[in-house]
Structure formats: structure tokens, C-alpha cells
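Here is what each chain is made of, one letter per residue.
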Amino acid sequence: MKKKLIPFLFVFTFINMFGQTPDASKPTKANTSNKALPPSEMVTNKAVSSLTKVPLDKESMLIYDYDGTLFSFDLDAEKINWTVKPSDATTEMCANKVTLLDGVVYIPFVNGEIFAVDNQSGDIFWKARLGNTTDQIILKDQTPVIHNGKLYITAQNQNQSSNLYALDVKNGSLVWNYKFDTAANDISPLFFDNKIFTQSGSTMYSFDANTGTVLNQKSFDTVMSGKPVTDGESIFVANEKEVLFALSPDKLDILWQFKLDENQYNVKERIFCKDKKVYFAAQGSEVSSVYALDSKTGIKLWKTDIKGDNIEYIQQEGENLWSYTRNAKMFELDLSNGEIAFELKLTTLPVSNIEFPDNDNLLYYYCDAGLIEFDLTEKDENVYYMRTSLKDNIYSAYLKIIR
């Protein structure tokens, strides 16, 4: 009996340490029809016109305002070209980002609606709704991920479960759906190597991007709340506490793990890869930091500390990293060594990403007053578009120069 038990225990331990095949008690195949879904999770769609490629309106910027409306703003004429709103009049919150592909803007609204819109005219190609108006699904912190004719997005249900959806980009109809038992932490999925990677609670999943079949899953000791990213070889994701993991894309084996400094946590979406390096920012009770790691080994290359303030946002621009903090400090880091190249306390607090026009001396961000054009030479903040009214409880906004 002992001779048979020891090999079994070894295999069990190996699987738990280095990855898990899908649990036999859980479904491994996705739903491919609304018939298998309850009304609160079904996909309804309406095609208004045939989806076609559209030339880009290169004079304009897309602004997803914090009141939940999206509009095209002509940067030269300083006027609004068109506006799109969700169907529900009470939906007054921007909680997502948009994707622009072949001149079509794909817009997820917090109420579960997704529109495909002409970037020039604002005309709607199709509308889709995840769930219904009674048992509303919530789309939050999502960026539509589009590959091979499919749009991938994660939705939260009011009953604290969640769904991963794949929609047909031609008309918004359901291609496949997978339901998780727990919330998916409001994180956009990652497409890589014809697979979809996402998390639900403390479990990471990989799916066949075409069929939705579960390929692998791996359980961790704590909730995985970081955005998954890739350097083209491995997958990187952080938990809600202090550890960043490097995973193999084939089996989700742990390749290495990196522990943040004491009292630091909460990487969330503040992470990206460039040139076989992983860059991320962690918040902390006294010090927040930006880290650079070698993506192959997990060895720390440099770390830059920001004392007495929490980093809210980071993004790559060329060979530099741009960021702003909770207390409206904006700074620029050199990606090669982490040295601060630019630092300034703003008079306005950004609530969006940062957009860089072709003019190297300017950048744009959104604040509670509207669109700010920042002159890097003069260190001057100009209100380029002023909102006519303000609202409380601002969550976020999003900008995208059309190009």
C-alpha cells in the first residue's frame, strides 16, 4: 500500500505546486448559446448597419467623460463632433476604456451595454447588452480586447459572480461565455498565443480563445487582483497583497515570484512590459514605489520610491514612464535606470490616462473641470475643454487621440 501511496502523493504535490489541470467538478467548456444562460447573463444584440472599416478623424480626440458619456472632440476647432450615451438615463459613470480598431470605436458602458461606433460620425453599427435592465450586469475597469473577429470582456453580476464573454465584432452577438463562481476583480483579460488569461478570486485561468474551453487553471493562497501582462514569453500577474508572479503560458506553472517591500501592495493595473522587463507600481502606507524587474529571472533592476504619496497611475511613453499620484504630483522616469527626469505638483488632479500628441512639448489629461492641455516647456496647465457642470464621486475618465 505504501509503495502505491508515495507516488500518488508526489504527483498530487507536483500539480499543486506547478499548476493544475481543470477541476473535474467544474465545467471546462464555455456556453455557446444564450439558451444555456439565465436572462440575467444573456447577450442581446441589435445590428443597425453593416460593420465596415472607417477612415480616421485625425483631428479629433475621443473623450470618455466621467459622467458616462463618450464624445469626439475636434482639437483644432475646439468643438464636440458627436456624443454617444448609454440607453439607461441613470448611467452616469465612466468606469471603462474604449478600443479603436479599423476606425470603429468599441465602447463598454457600466450598465452592461457595448456599442460599436463610427469614429467619424458617431453612427452606431451595433449595440449589445450583457444581461438585462432588471438584473443588471456591471462592466467596470474593462478595455475591450479584440482579436481574430472576437471581442473579449469580463462582466460582474450583482450576485458576486462574474462572466467572461466573447462577442462577434461584426454584430455584438454571443460567441461563447464562461461563468465563474466568484468575482473576477474587475480586471480586463489578456489575449496571448491564441489564449485568454484572466482570474477569478484566487484562481488564474487560461482559455482557448476560439472556443472558450478551459485549458488550465491554478489556485493561489490569496486573491489575484493584478492586470495580467506578457513580455511575449511569460505571463505576469500580482495578487492583492505583496507578490508578483511569473507564469508559463502553457500550464500556468510558477516560473518565479517577487515579493514587494514591506507594507507595499495593490499593483492592480499599474503594470506593463517592455524589452523583456516588467515595470509596475505598488502603493504603500508610507512609501509607494515603481519597480523594474528582469522578466526572465525576476531580478530587481531598479526601484524608485515616492514618499508620503500613493501612485495612482503609470504608463509607458517611448523610453520613459509617466505617472501621477493621489496628491496630483506628476513625474517622468527614465526606464533604463528609474531616475526622475521630470516632477511637478499640479494644480489640477488627473482622473484619466495621459495622452501625448505629436507635439513633444504637450500632453493631455482629464480632471474634474474638463480637458487639460499641459505645456511641458512652460510647465503650464490650460483648460482646453471646460465641462459645463461638475458631479461628485468621480471614478475615472479616459482619453484617446484618434491616429
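About the criteria used
- Residues numbered from 1 in each chain as written.
- Predicted model: local features only at pLDDT ≥ 70, side-chain atom pairs only at ≥ 80, totals over all residues.
- Heavy atoms only, no water.
- Helix = DSSP H or I, 4+ residues; strand = E, 2+ residues; numbered from the N terminus.
- Rg over C-alpha atoms; globule rule 2.2 N^0.38 Å.
- Buried < 20%, exposed > 50% of the residue type's maximum accessible area, 1.4 Å probe, protein only.
- Phe/Tyr/Trp six-rings, centres within 6.5 Å; stacked < 30°, edge-to-face > 60°.
- UniProt positions renumbered as here; feature names shortened; annotations may be inferred.
- Contact = heavy atoms within 4.5 Å.
- Salt bridge = Lys/Arg side-chain N within 4 Å of Asp/Glu carboxyl O.
- 1 Å grid on protein atoms, 1.4 Å probe; cavity = no way out; pocket = protein on both sides within 12 Å on 5 of 7 lines; lining within 4 Å.
- Points joined across faces, edges and corners; volume = space filled by probe spheres on them.
- Nonpolar A, V, L, I, M, F, W, Y, C, P; charged D, E, K, R; others polar.

The name recorded for the chain in an unreviewed UniProt entry is Pyrrolo-quinoline quinone, from Flavobacterium hungaricum.

Chemist: Can you break down the overall build of the chain residue by residue, with the values?
Modeler: From N to C terminus, the chain includes 1 helix and 33 strands. Taking 403 residues into account, the globule formula puts the C-alpha radius of gyration at 22 Å, and the chain, at 22 Å, falls close to it. If you line up the chain on its principal axes, its C-alpha atoms span 80 × 50 × 35 Å. Taken over 403 residues, the chain has a buried fraction of 55%.

Chemist: Outline the packing of aromatic side chains, listing residues and values.
Modeler: When we look at a pair of aromatic rings, we describe it by the centre distance and by the angle of the planes. According to the stated counting rule, one finds 28 aromatic pairs in the structure shown. Ring centres of Phe73 and Tyr384 lie 6.3 Å apart, and the angle between their planes is 75°; on these two criteria the pair is classed as edge-to-face. A residue pair is termed long-range when its members are at least 10 positions apart, and Phe73 in strand 3 (residues 70-74) and Tyr384 in strand 32 (residues 380-386) qualify at 311 residues. Residues Phe73 and Tyr384 agree in their burial class; the two are buried. With a centroid separation of 6.0 Å and an interplanar angle of 25°, the aromatic rings of Trp176 and Phe207 are classed as stacked.

Chemist: How would you explain the UniProt feature "domain: Pyrrolo-quinoline quinone repeat" (unreviewed entry) in the chain if you had to name every residue and give the values?
Modeler: The UniProt record annotates "domain: Pyrrolo-quinoline quinone repeat" (unreviewed entry) at residues 46-158 and 162-308. Helix makes up 0% of residues 46-158 and strand 43%, with an end-to-end C-alpha separation of 24 Å.

Chemist: Summarise the environment of Asp135; cite the residues concerned and give the values.
Modeler: Within the fold, Asp135 resides in the loop between strand 8 (124-130) and strand 9 (145-147). Judged by relative accessible area, Asp135 falls into the partly exposed class, the value being 37%. Each C-alpha atom, one on Asp135 and one on Asn157, is 8.0 Å from the other, the two residues being 22 residues apart in sequence. When sequence neighbours within four positions are dropped, the list of residues in contact with Asp135 reads Ser40 and Gln158.

Chemist: Summarise the pattern of salt bridges; cite the residues concerned and give the values.
Modeler: Scanning the entire structure with this criterion turns up 17 salt bridges. For the salt bridge of Arg387 with Asp65, the shortest nitrogen-to-oxygen distance reads 2.8 Å. One end of the pair, Arg387, is in the loop between strand 32 and strand 33 (398-401); the other, Asp65, is in the loop between strand 2 (60-64) and strand 3, with 322 residues separating them in the sequence. We classify Arg387 as buried; its relative accessible area is 10%. Given a relative accessible area of 2%, Asp65 falls into the buried group. For the salt bridge of Arg387 with Asp67, the shortest nitrogen-to-oxygen distance reads 3.2 Å. Of this pair, Arg387 sits in the loop between strand 32 and strand 33 while Asp67 sits in the loop between strand 2 and strand 3, and the two are 320 residues apart along the sequence.

Chemist: Which residues make up the layout of surface pockets, and what values go with them?
Modeler: Volume-wise, the second largest pocket comes out at about 340 Å³. For the lining of the second largest pocket, a count of residues per class yields 6 nonpolar, 5 polar and 7 charged.

Chemist: Describe unusual backbone geometry, and please don't skip the residues or the numbers.
Modeler: Peptide bonds are, in most cases, trans, and in most cases residues other than glycine have a negative phi. Positive phi, normally seen in glycine, also occurs at Asp141, with a value near 55°. As for its position among the elements, Asp141 is in the loop between strand 8 and strand 9. A positive phi angle, close to 65°, is found at Leu252, a residue other than glycine. With respect to the helices and strands, Leu252 occurs in the loop between strand 19 (243-247) and strand 20 (254-259). Taking relative accessible area as the criterion, Leu252 reaches 0% and is therefore assigned buried.

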